[in-house]
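Given next are the chains, with one letter for each unit.
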Amino acid sequence: MLEVDGIHTYYGDSHILHGVSLEVRAGEAVALLGRNGSGKTTLIRSVVGFTPPRDGAVLFQGRPIHRLPAYAIARLGIGLVPQGRRIFAPLTVAENLTLGARTGDGAGWSVERVFSLFPRLRERARQSGGTLSGGEQQMLAVARALMTNPRLLLLDEPSEGLAPLVVREIGRVLVGLKREGLSILLVEQNVPLALRVADRVYVMSKGQIVYHGPAADLAANEEVKRRFLGVA
């Protein structure tokens, strides 16, 4: 579904990603873990065209996309839940959902279907996005991405700043989406959430992949978790 092949990405003269490679197979959930500043968000930005890599390649369903503009990449079927949610605060919940709605050959997401997934959004359909709690805004960000009917869903730190109960709810939703066959790339610092959702895990440090393996193997690898993730 997604192949990132040896990319080097810069912010100006600052070299952030150093030959990063990873892949997400069809119907698979993959987690990318790492401390703050390790390069995780830069990788997401490289995939979706916000900060294109200078070297290496990004392929989506076998097609090179690393030279395409962001809007063209989105139209191919990549949905993004950005870090910080980035909802449209003045617009209502319903308007946030319909603004980016796009038909596709994926799961066939509609407003009614995302309301079934997130009943709280149905209750607040006429409220402006800016009046929602942090957890509700995160649900809205996920729902808005699903409304694009993506083949691949990218999530950048969806648990950031959320209460444990909401984090568990987000995890439940992601597990359900994976079971339905949606391909997922989850960027996280919350190791328990990532291990709950992901089939495979990559760990990044200082702009490089330093570990890759099944989620179950990372769960048992105390050295990697302590050294690169700060998990005792």
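Now for a description of the structure that goes with this document. Here the structure is a predicted model, which is why all the values come from computation and not from measurement.

Attention now moves to the overall build of the protein. Helix and strand counts for the protein come out as 10 helices and 10 strands. Whereas a compact globule of 232 residues would reach a radius of gyration of roughly 17 Å, the protein reaches 17 Å, a difference of no more than 12%. Across its three principal directions, the C-alpha atoms of the protein cover 45 × 40 × 30 Å. Within the protein, the proportion of its 232 residues that are buried is 50%. Of all intrachain contacts in the protein linking residues separated by at least 6 positions in sequence, the fraction that spans at least 24 positions is 67%. For the protein, the exposed surface amounts to about 10,300 Å²; the carbon and sulfur share of it is 50%. Positive and negative side-chain charges of the protein, numbering 28 and 21 respectively, have mean locations separated by a distance of 3 Å.

Quick look at the sheet that holds strand 3 (residues 29-33) now. Strand order in the open sheet made by the six strands is 6-7-8-3-9-10, with mixed pairing throughout. For this open sheet the edge positions go to strand 6 (78-81) and strand 10 (208-214), each flanked by a neighbour on one side alone. Mean inter-strand twist for the sheet, computed between neighbouring axes without regard to direction, equals 15°. By the bridge criterion, six bridges tie strand 9 (residues 200-205) to strand 10 in an arrangement that is antiparallel. Within strand 10, the residue paired with Val201 across the bridge is Gly213. Taken strand by strand, helix 6 (residues 134-146) contacts strand 6 and strand 7 (152-156), and its axis lies near 170° from that of strand 6. Packing of helix 10 (residues 222-229) onto the sheet brings it into contact with strand 3, strand 9 and strand 10, and relative to strand 9 it is tilted by some 40°.

A separate point is the environment of Gly181. Inspection of the secondary structure puts Gly181 in the loop between helix 7 (164-179) and strand 8 (183-188). Residues Gly181 and Pro90, 91 residues apart in the sequence, show an inter-C-alpha distance of 34 Å.

Here the focus is the layout of surface pockets. Of the pockets and cavities examined, the largest pocket occupies roughly 680 Å³. As for the largest pocket, its lining consists of 25 residues, of which Phe50, Leu80, Pro82, Arg86 and Arg144 are closest to the centre. Looking at the lining of the largest pocket, the elements with two or more residues in it are helix 1 (40-48), helix 2 (70-75), strand 6, helix 3 (93-99) and helix 6. In terms of residue class, the lining of the largest pocket is made up of 14 nonpolar, six polar and five charged.

Another aspect to go through is the sheet that holds strand 2 (residues 14-24). Spatially, four strands are ordered 2-1-4-5 in an open sheet, and the strand pairing comes out antiparallel. Two strands close off the open sheet at either side, each with one partner strand: strand 2 and strand 5 (63-64). Against the sheet, helix 1 makes contact with strand 1 (2-11), strand 2 and strand 4 (55-60), and its axis sits at roughly 110° relative to strand 1, the strand it touches most.

Let's shift gears to the environment of Glu23. Turning to its location among the elements, Glu23 is positioned in strand 2. Setting aside chain neighbours within four positions, we find Glu23 in contact with Leu2, Glu3, Glu28, Val30, Arg200 and Tyr202.

Here the focus is unusual backbone geometry. With the exception of glycine, the majority of residues adopt a negative phi angle, and the majority of peptide bonds are in the trans configuration. The phi dihedral of Arg86 is positive, around 55°, even though this residue is not glycine. Note on placement: Arg86 falls in the loop between strand 6 and helix 3. By relative accessible area, which is 61% here, Arg86 ends up exposed.

One finds Leu146 and Leu177 to be the most contacted residues of the largest nonpolar core, which totals 36 residues. Listing elements by their share of this core, those giving two or more residues are helix 3, helix 4 (111-117), helix 6, strand 7, helix 7, strand 8 and helix 8 (191-197). Contact partners of Leu146, with chain neighbours within four places excluded, come to Trp109, Val114, Leu117, Leu153, Leu177 and Leu182. Core analysis: the next-biggest nonpolar cluster, separate from the first, contains 25 residues, Leu22, Ile65, Leu76 and Ile78 among them.

What counts, and where the lines are drawn
- Throughout, a residue's number is its position along its own chain's written sequence, starting from 1.
- The predicted nature of this model means local features are confined to residues of pLDDT at least 70 and side-chain atom pairs, given and counted, to a pLDDT of 80 or more, with totals for whole chains, interfaces and linings taken over all residues.
- The basis for every side-chain value is the complete set of heavy atoms in the structure, and neither hydrogens nor water enter the calculation.
- Helix numbers and strand numbers start at the N terminus; a helix is a DSSP run of H or I with at least 4 residues, a strand a run of E with at least 2.
- C-alpha atoms define the radius of gyration, and 2.2 Å times the number of residues to the power 0.38 defines the globule rule.
- Burial status follows relative accessibility: with a 1.4 Å probe on protein chains alone, a residue under 20% of its type maximum counts as buried, one over 50% as exposed, and anything between as partly exposed.
- Residues are treated as being in contact if the distance between any of their heavy atoms lies within 4.5 Å.
- A 1.4 Å probe and the Shrake-Rupley method give the accessible areas. Residues count as covered only by the protein chains that appear here.
- The charge count treats Lys and Arg as positive and Asp and Glu as negative. His and the chain ends do not count.
- Here the site of a charge means atom NZ of a Lys, CZ of an Arg, CG of an Asp or CD of a Glu.
- Pairing between two strands requires that DSSP report at least two bridges joining them.
- To obtain each axis, a line is fitted to C-alpha atoms, and for helices this fit is confined to the stretch in contact; angles are then taken between N-to-C directions over 0 to 180 degrees.
- Buried and open spaces are told apart on a 1 Å grid over the protein atoms alone, a cavity being a set of points where a 1.4 Å probe fits but cannot get out and a pocket being an open set with protein on both sides within 12 Å along at least five of seven lines. Residues with an atom within 4 Å of a point are the lining residues.
- Grid points are joined across faces, edges and corners, and a volume is the space filled by probe spheres set on the points.
- In this classification, Asp, Glu, Lys and Arg are treated as charged, Ala, Val, Leu, Ile, Met, Phe, Trp, Tyr, Cys and Pro as nonpolar, and every other residue, Gly included, as polar.
- The definition of a nonpolar core used throughout is a set of buried Ala, Val, Leu, Ile, Met, Phe, Trp, Tyr and Cys residues joined through side-chain atoms within 4.5 Å.

So, to be careful, I would describe these as geometric facts and stop short of saying anything about function.
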